[in-house]
Amino acid sequence: MYATERHEQIELLLAAQGRVSVVELADRFDVTTETVRRDLDHLESVGALRRVHGGAVGRERASTREPSLAERLEHHGGAKAAIGARALDVLGDDFSGSLFLDAGTTTAAVAAALAPRLAAERIEVVTHSLTLGHALAAVPGASLSLIGGRVRGLTAAAVGADTVRAIGALRPDVAFVGTNGLSAAFGLSTPDPDEAAVKRAIVASARRVVVVADADKFGLELLVGFAPLEAIDVLVTDTAPDAELASALADADVEVWLS
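Keep in mind that what you see is a predicted model, and the values were worked out from it rather than measured.

A.B. asks: Help me get a handle on the overall build of the protein chain, residues and values and all.
C.D. replies: From N to C terminus, the protein chain includes ten helices and 15 strands. Here the C-alpha radius of gyration of the protein chain, 19 Å, is about what a compact globule of 259 residues would show, namely 18 Å. With the principal axes as the frame, the protein chain shows a C-alpha extent of 65 × 35 × 30 Å. Considering the protein chain as a whole, with its 259 residues, one finds that 50% of them fall into the buried category. Contacts spanning at least 24 positions in sequence make up 67% of the contacts within the protein chain whose residues lie at least 6 apart. Taken together, the 24 basic and 36 acidic charged side chains of the protein chain have centroids lying 4 Å from each other.

Here's what the structure looks like:
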């Protein structure tokens, strides 16, 4: 296969998957990893992609770009619903305790799966998400606390010093946390510093941290890191991580559950 053919195939894969791996491309094209890296360097130079550790992502996936709630709701809805349902296995049967739900569409899937249990079980739910708070407030018998603060329009979530301070005074049994990026080298990350500060507070406050993220987040490193892999207890996702990330998660003693 000529270089131009490989370049076309790489662009097609990026359009379909959002991310490509150097090792996977070398296997696919039966070339060395050095050849693939030269291909990716060329494609980055012409603006076709952005290099990241171990591979590349589309140019639209910059470290500061954050899709709106509407965009995220349209993306991988079925996978997120399955992740949300699987994540509740962390609670076991007849759970009695407190949960913190981070803002986001995957944590919203956790909330949707949780709703039928709220009236029957003694579960205290805390969130800083207006979207999740509105949805759960409509559930009969739900015990819900909403953390306030300055509302960030893009995510419909409270952020800022008051929000961080309020979360720091809590000790939930389990926190379900979303992330924009998850990588072996950088851990958990998100584009916005205010969102990162809130997520960092949630992770620090919880007795057990459950990250819910589809495989599109793997390998991405956004602008602001908010937790190392060692801070996670369980990762619930839809696809097994690649070898590098899987090894890093194992070294950090993170359980990986597939939906």
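A.B. asks: Tell me about helix α10 (residues 243-251), and name the residues and values.
C.D. replies: Along α10, the residues classified as buried are Leu 245, Ala 248 and Leu 249. Around the axis of α10, the buried residues are gathered within 100 degrees of arc, so they sit on the same side. Away from its buried face by more than 90 degrees, α10 exposes Ala 243, Ala 250 and Asp 251. The elements touched by buried residues of α10 are β10 (181-183), β14 (234-237) and β15 (255-258). Looking one or two residues beyond α10, the residue adopting positive phi is Asp 253, at roughly 65 degrees.

A.B. asks: Please give an account of the pattern of salt bridges that cites residues and values.
C.D. replies: On inspection of all chains with the given rule, the structure shows twelve salt bridges. Note that Glu 121 is salt-bridged to Arg 117, the shortest N-O span being 3.0 Å. For the pair Glu 121 and Arg 117, a shared accessibility class is recorded, and that class is buried. Asp 162 is the salt-bridge partner of Arg 165, the closest N and O atoms lying 2.8 Å from each other. Pair noted here: Arg 165 and Asp 162 are both in helix α8 (residues 161-168), with a separation of three residues, about one helical turn. Of the residues examined, Arg 165 reaches a relative accessible area of 54% and is grouped as exposed. Connected through shared salt-bridge partners, Arg 152, Asp 192 and Glu 195 make up one network.

What counts, and where the lines are drawn
Residues numbered from 1 in each chain as written. Predicted model: local features only at pLDDT ≥ 70, side-chain atom pairs only at ≥ 80, totals over all residues. Heavy atoms only, no water. Helix = DSSP H or I, 4+ residues; strand = E, 2+ residues; numbered from the N terminus. Rg over C-alpha atoms; globule rule 2.2 N^0.38 Å. Buried < 20%, exposed > 50% of the residue type's maximum accessible area, 1.4 Å probe, protein only. Contact = heavy atoms within 4.5 Å. Lys, Arg positive; Asp, Glu negative; His and termini not counted. Charge placed at Lys NZ, Arg CZ, Asp CG, Glu CD. Arc of directions from axis to C-beta. Salt bridge = Lys/Arg side-chain N within 4 Å of Asp/Glu carboxyl O.

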